[in-house]
Amino acid sequence: MLRYAWLGFVIVCLVYVITHFNPNKLETNLFALLPEKTDDNLPSHAIDRYSETLSRKVVFLVSGNDADVSRETADKIYSTLLESELFDEIQFKLSEQWAKEIYLSYYPYRYNLLSPQDRAALQQQDTDLGGRLINAIVSPVASLDSATLVSDPFLLFRDFLQSLPRGNRHLVIEQGYPTIHLNGQTYLLISAELSGSPFDQSVQDRFVSQLAGIERLFGGRGVSIHSHGVVNYALENRKLAQREISVIGGGSLAGILLLFIFIYKKRAKLLIILLPVVVGMLVAIGVSLYVFDNIHLISLVFGVSLIGVSIDYAIHYSCANSNLTSYNTSHESLRAVRPALTLGMLSSVIGYATLASTNFPALMEMSVIAICGLVAAYLTVILWFPMILSTQLEVRRTVIVKIDRLASILNGLRKAPLWLVGLAVLMLLVVNIYLKTPEDNIKIMRASLPELEQTDQLFRSLLGEYPNNQFLLVSASTPDMLLDNEAKLLASLRVEVRTGGRYEGLSDWLPSERVQLENRKLIKNRLRDKEQLVARLSGFGIPGSVLSDYLNGFDSGSPAVMTIDGFLQSPAGKLHRDAWLGNIRGHYYSIVKLYGVDDLATVKKTAGKFTGVTYIDRAEAVSNTLGTYRRVIESVFPFVIIGIYIGMVFRFGVGGAVRVLGSPLLAAMTSFLCVLLLIGEYNIFTVFGLIITIAITIDYAIFVHETRSDVAATYLAILLAGCTTILAFGLLSLSQTPALRTFGLTLLLGILFSYVFTPFIVRSRDS
Amino acid sequence: MKWLSAWRFGIMVVLVSLNFLSTTVTAAAPETRPSMIEQLLSKPFIKADFRKERILKVLSRPFLTEGKILFDEDRGVVWVTEKPVKDVVLITENAVRQLDTQGKLSSTINGSPVVEAISKMFLAIMSLDKSRILSVFDIESRDTGSTGFGLVLVPKEEGLRSFISRIHLTGNTRIEQIDVFEKSGDLTRLYISNEIRDRSQLSHDDKALLARL
């Protein structure tokens, strides 16, 4: 009955996976793996919205020795990008028309707009507006023409426009093209914003196809083309993960098959041995999809490595149901190994379940995949194998001879006294605690991608600065208060932080309404004695009629102010709208961006002086979270071990439980020591590697303990199981993602050490 | 935006540079046009007097200024207005600075890529290096009849051309008059006289001003 129920469940999983699993829709966003922020005061929605906007930005760099050829190529690339419909916005050549539009967007509010210097001078009442006008006409560089004389005679609006941020100082506009010159090369920049998420695989595919097309059409001929954006990283991470899945999955399966071909005759049945692995993966993916709606690519890479573990149940059964034992039927064979299999499975599940106890999405996903995969593999063996793999498997004669000899040597080894086992574990524990150097850094989740890092470096050298990962989040209850707060913050940062770098905020482009009205009043006050001013200017041949439009502008109806909504619709506003987060839960938010700022400690300190300003360092926050979770798991871990020990005592007795648990503990501690000596540091994934080491290698100890007459079969199964696990985790330890690499290495070493220690520590039940 | 305004005022810097296209060429028989261009663009001066008429459409009469110009080939230009008001502007490759009546720095515009680009172009013209001028303008020559010979400079770049339609340089054996025709219909007319090319003839005050570049 159970057999058929299990079949039904597997079929349901199969249908669910077929209908819901789309390899092109796997999650690739690194931040989706990380815990949600626990700080209730932090508007995570605001931060996520800003991060999402930033992640869509892509910059194309067209470079060459010949500036004209580079410009021509860049023009063609721009047209191609426009036609692709892959981007919502593309910014490239700055036309005179565009510059005029910016000018005209501010123009209606010119009476309200002052540069910081003019505002300060007017506040101190030492500005001679008449003198300014005369000097402007006299000066060779003042650009006072007829139109300006009428609309902006005192050049206050011009000064405001010139005080607007200039952006990166390496960037010049030549013939309208944003250009950087470096080492004899001309670099042209095209900025674009993707229309979809960079983590969407269909967007990634279209992007890479577009890039390939551009390279094919326009590359060479002395011109290089680079692109830079989150989409590049997401794409490379995805390709890397897919490669690793193929390598680990393919390698593990190939390894298993080769081993079995080497060990057994009658190879036709060998494919059945892979059934628990297939069912395990199917159930793991199906249940994970159901629980989480989607699976992360990194979790899938991890899941594939479990092939080497889930095959263990099939290995133990097939060894028990072989000519190495004297069992008459497949059911008898199963009965012999079932207790050990069950205990082994439960201990593994407990180990993986500790991952799920955290609020860490990555670990919860991995935990569900692991538990479902292992339980499914176990049930497949327990419920189906006696029926579908009922005939006895034949181990090759040569293997039997060798394994018999090995088994008798190992079984006959003198076992270490209990006190020595305990002492060794304690000593290693003390050494590890002394040596341990945790490194909780988000970088462990990022794969090393040298080519992209090179492009990164190119951008840094070109720009001379680089956007900081950190930023400041400013909030207030109204948009006007927000702009005021932000302006004060910026002024303070520019004074307090003296070691270079720059800051950008919306208030650099748009004064608050309060400041606009104040500015207007300041100018109006200086024009109080307009008759005197007109008389003075008449003496220089400038008739009063010329100024009448401007002077009358102050008296015309209610003053217009430029609102934030109006600004965001303007050409300048569109360039900076990612810095405006708008109203989120009754508060308004904006972002102050940092570029090339090194003295973050002072930035943080300065930000702390302002209400409604939060210093955000996502990477630091995540790294801190990783550290927090690591410490929590480290504190819970001893209790997990105690729990397992108590469970073991019921089955193995006090001494037996010490041996069965002592071997994996010793293996884990030795593995940890090796990791600390080899790598010099450890992180949360090392800790999980240790937990899983214990969870897996305890199987070996249990099987050795449970061995009775079938010693050879037990040791062959342990050997095969170990080989497959070492292969899978050995391949995982080659991953380019540091977290997976550390995890794989810890497990690999732990399993190897457990092979060494188990024969010296664990006694079989009969002895 | 910085874009438009910077271009606008940057253009004026260019205009200034063209004031220095002055040569001394001995009278000779009628020559071919290319060689006239070479002749006119041959010798910059170190100091000259100027009279400038700023003809704005909205004004009923030109705005007149007089003063002197000091030029250092390696460092830049000092533009000294003496009438109707005193005004001193220092123009270098990277900045434009204004001095107040006491000779103290009253304003500076620097760090603007546009200012830098315009200043570099301006100083190239000051150097009277034909190839450098040709990188910015197309040069045409024209006869002005008995008054001499002229050059017409037409900006190559769209940005410059949106503000200046053309520049006329007129002179007999040297540049005597520069007319800048703006797209807006305004006009600047500059008359150059009393050029000095020998540094030893500069006054102490002139040298002090040049030293401030």
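K.L.:
Pulling in residues and values, what's your account of the overall build of chain B?
P.N.:
Looking only at helices and strands, chain B features 6 helices and 11 strands. Put simply, chain B has 213 residues, and 54% of those count as buried. The contacts in chain B between residues at least 6 apart in sequence include a share of 49% that link residues at least 24 apart. Per element, the accessible surface of chain B, about 8,900 Å² overall, is 48% carbon and sulfur.

K.L.:
Describe the overall build of chain A, and please don't skip the residues or the numbers.
P.N.:
Within chain A one finds 30 helices and 11 strands. In terms of overall dimensions, chain A is more spread out than a globule: its C-alpha atoms have a radius of gyration of 35 Å, far above the 27 Å expected for 767 residues. Dimensions along the principal axes, computed over C-alpha positions, put chain A at roughly 125 × 55 × 50 Å. Put simply, chain A has 767 residues, and 56% of those count as buried. Contacts in chain A between residues at least 24 apart in sequence constitute 82% of all its contacts with a sequence separation of at least 6. Just so you have it, chain A exposes about 32,200 Å², and 58% of that area is on carbon and sulfur atoms. Averaging the coordinates of the 66 positive side-chain charges in chain A and doing the same for the 65 negative ones gives two points 9 Å apart.

K.L.:
Just give me the short version of the pairing of strand β10 (residues 587-595) of chain A, but keep the residues and values in it.
P.N.:
Residues and elements named next belong to chain A. The buried fraction of β10 is high, at 7 of 9 residues. The pairing of strand β7 (residues 467-476) with β10 spans 7 bridges and is antiparallel. Looking at the pairing, Leu 472 lines up with Val 592 of β10. Of the strand pairs in this sheet, strand β8 (residues 502-504) and β10 are connected by 3 bridges, and their pairing is antiparallel. If you follow Arg 502 over to β10, its bridge partner there is Tyr 595. Pairing of strand β9 (residues 580-584) with β10 involves 4 bridges; the strand directions are antiparallel. Opposite Gly 582, over in β10, you have Tyr 589 as the bridge partner.

K.L.:
Can you explain the environment of B:Asn194? Please cite residues and give values.
P.N.:
Residues and elements named next belong to chain B. Among the structural elements, Asn 194 can be located in strand β11 (residues 187-196). Of the residues examined, Asn 194 reaches a relative accessible area of 53% and is grouped as exposed. Spatially, the C-alpha atom of Asn 194 lies 10 Å from that of Glu 176, the residues being 18 residues apart in sequence. Not counting residues up to four positions away in its chain, the partners in contact with Asn 194 are Lys 47, Ala 48 and Asp 49. A polar contact of 2.9 Å, which involves the side chain of Asn 194, links it to the side chain of Asp 49.

K.L.:
Lay out the packing of aromatic side chains with the relevant residues and their values.
P.N.:
Residue and element names in this part refer to chain A. If you walk through the whole model with that rule in mind, you get 22 aromatic pairs over all chains. The interplanar angle of 90° and the centroid separation of 5.0 Å between the aromatic rings of Phe 672 and Tyr 682 together place this pair among those described as edge-to-face. Highlighted residues: Phe 672 in helix α27 (residues 618-679) and Tyr 682 in the loop between α27 and α28 (684-706), separated in sequence by 10 residues. Judged on exposure class, the residue Phe 672 and its partner Tyr 682 are both buried. On the numbers, 6.0 Å between centres and 10° between planes, the contact of Phe 753 with Phe 757 is stacked.

K.L.:
I'd love a proper account of the state of the cysteines, names of residues and values included.
P.N.:
The final tally for this structure, using the stated rule, is 0 disulfides over all chains. There is no disulfide at A:Cys13, and the cysteine sulfur nearest it, in A:Cys372, is 8.2 Å away.

K.L.:
Pulling in residues and values, what's your account of the pairing of strand β4 (residues 177-182) of chain A?
P.N.:
All names here are of chain A. Bridge analysis of strand β3 (residues 172-174) against β4 gives 3 bridges, and the strand direction is antiparallel. Its bridge partner being in β4, Val 172 is matched across the sheet by Thr 179. A loop of 2 residues connects β3 with β4, the two strands running antiparallel in sequence, and Gln 175 in this loop sits at a positive phi of about 55°. Sheet analysis places β4 next to strand β5 (residues 185-194), joined by 4 bridges and oriented antiparallel. Following the sheet pairing, Thr 179 is matched in β5 by Leu 188. Hairpin connection, β4 to β5: the antiparallel pair is bridged by 2 residues, and Asn 183 has positive phi, about 50°.

K.L.:
Pulling in residues and values, what's your account of the packing of helix α17 (residues 397-412) of chain A against helix α29 (residues 711-732) of chain A?
P.N.:
Residues and elements named next belong to chain A. Running from N to C, α17 and α29 point in directions that differ by 100°, and their axes come no closer than 8 Å. Taken together, the axis directions place α17 and α29 in an arrangement best described as roughly perpendicular. On α29, the residues touching Val 399, Ile 403, Asp 404, Ala 407, Leu 410 and Asn 411 of α17 are Val 711, Ala 712, Tyr 715, Leu 716 and Leu 719. Grouping the amino acids of the contact of α17 with α29 by side-chain chemistry returns 9 nonpolar, 1 polar and 1 charged.

K.L.:
So what about the environment of A:Glu394? Which residues, and what values?
P.N.:
Position of A:Glu394 among the secondary structure elements: in the loop between α16 (361-388) and α17. Sequence spacing of A:Glu394 and A:Cys319 is 75 residues, and the spatial spacing of their C-alpha atoms is 9.2 Å.

K.L.:
Could you give an account of the nonpolar core, naming the residues involved and the relevant values?
P.N.:
If you look at the biggest cluster of nonpolar residues, it comprises 144 residues, and the most contacted ones within it are A:Tyr352 and A:Leu716. No other element matches the 23 residues that α27(A) contributes to this core.

K.L.:
Outline the pattern of salt bridges, supporting the account with residue identities and numerical values.
P.N.:
Residue and element names in this part refer to chain A. Overall, the coordinates contain 31 salt bridges over all chains when judged by the stated rule. Across the pair Glu 89 and Arg 577 runs a salt bridge whose closest N-O atoms are separated by 2.3 Å. Of this pair, Glu 89 sits in strand β2 (residues 87-91) while Arg 577 is found in the loop between α25 (571-576) and β9, placing the two residues 488 residues apart along the sequence. With relative accessibility at 23%, the residue Glu 89 sits in the partly exposed group. In this structure Arg 577 comes out as partly exposed when scored by relative accessible area, which is 37%. With a shortest N-O distance of 2.7 Å, Arg 536 and Asp 128 are connected by a salt bridge.

K.L.:
Describe α28(A), listing the residues and the values that go with them.
P.N.:
Here α28(A) spans 33 Å end to end across 23 residues, near enough to the 33 Å set by a 1.5 Å rise per residue. By the N-cap criterion, in which a side-chain oxygen at the helix start approaches the backbone nitrogen of a residue two or three places on, α28(A) is capped by A:Asn683, the distance to A:Phe685 being 2.8 Å.

K.L.:
Account for unusual backbone geometry, naming residues and giving values.
P.N.:
Cis geometry marks the peptide bond from B:Lys83 to B:Pro84; its omega dihedral reads 0°. You will see that B:Asn194, though not glycine, has its phi angle at about 55°, which is positive.

K.L.:
Describe the confidence of the model for chain B, naming the residues involved and giving the relevant values.
P.N.:
All names here are of chain B. Mean pLDDT for chain B: 73, with 67% of residues reaching 70 or above. Taking the mean pLDDT of every element in chain B, the minimum, 32, falls on helix α1 (residues 2-17) and the maximum, 92, on strand β1 (residues 47-55). This model gives residues 1-32 a pLDDT under 50, and the stretch forms 131 contacts once residues within four places in sequence are excluded. Predicted complex, confidence summary: ipTM 0.78, pTM 0.75.

K.L.:
Talk me through a nonpolar patch on the surface; I want residue IDs and the actual numbers.
P.N.:
On the surface, A:Tyr4, A:Leu7, A:Ile11 and A:Val15 cluster together into a nonpolar patch covering about 390 Å² of accessible area. For A:Ile11, the location among the structural elements is in helix α1 (residues 2-20).

K.L.:
Account for helix α19 (residues 450-463) of chain A, with residues named and values stated.
P.N.:
Residue and element names in this part refer to chain A. In this model, α19 (14 residues) spans 20 Å end to end at C-alpha, consistent with the 20 Å of a helix rising 1.5 Å per residue. Regarding α19, the residues found buried are Leu 452, Thr 455, Asp 456, Leu 458, Phe 459, Leu 462 and Leu 463. In a view along the axis of α19, the buried residues occupy a sector of 160°, so they form one face of it. For α19, the exposed residues set more than 90 degrees away from the buried face come down to Pro 450 and Gln 454. Where α19 is buried, its residues meet β1 (57-64), β4, β5, β6 (223-229) and α10 (230-263). Directly beyond the C-terminal end of α19, a positive phi value near 70° is found at Gly 464.

Rules behind the numbers
- Residues numbered from 1 in each chain as written.
- Chains lettered and ligands numbered in written order.
- Predicted model: local features only at pLDDT ≥ 70, side-chain atom pairs only at ≥ 80, totals over all residues.
- Heavy atoms only, no water.
- Helix = DSSP H or I, 4+ residues; strand = E, 2+ residues; numbered from the N terminus.
- Buried < 20%, exposed > 50% of the residue type's maximum accessible area, 1.4 Å probe, protein only.
- Contact = heavy atoms within 4.5 Å.
- Areas by Shrake-Rupley, 256 points an atom, 1.4 Å probe, with all protein chains shown as cover.
- Rg over C-alpha atoms; globule rule 2.2 N^0.38 Å.
- Lys, Arg positive; Asp, Glu negative; His and termini not counted.
- Charge placed at Lys NZ, Arg CZ, Asp CG, Glu CD.
- Pairing = 2+ DSSP bridges.
- Polar contact = N/O pair within 3.5 Å; in protein donor to acceptor, adjacent residues only side chain to side chain.
- Phe/Tyr/Trp six-rings, centres within 6.5 Å; stacked < 30°, edge-to-face > 60°.
- Disulfide = S-S within 2.5 Å.
- Axes fitted to C-alpha atoms, helices over the stretch in contact; angles between N-to-C directions.
- Parallel < 35°, antiparallel > 145°, perpendicular 65-115°, else oblique.
- Nonpolar A, V, L, I, M, F, W, Y, C, P; charged D, E, K, R; others polar.
- Core = buried A, V, L, I, M, F, W, Y, C linked by side-chain atoms within 4.5 Å.
- Salt bridge = Lys/Arg side-chain N within 4 Å of Asp/Glu carboxyl O.
- Expected span 1.5 Å × (residues − 1).
- pLDDT = per-residue confidence, 0-100.
- Patch = residues over 30% accessible without salt bridge, like charges linked within 9 Å, V, L, I, M, F, W, Y side chains within 5 Å.
- Arc of directions from axis to C-beta.

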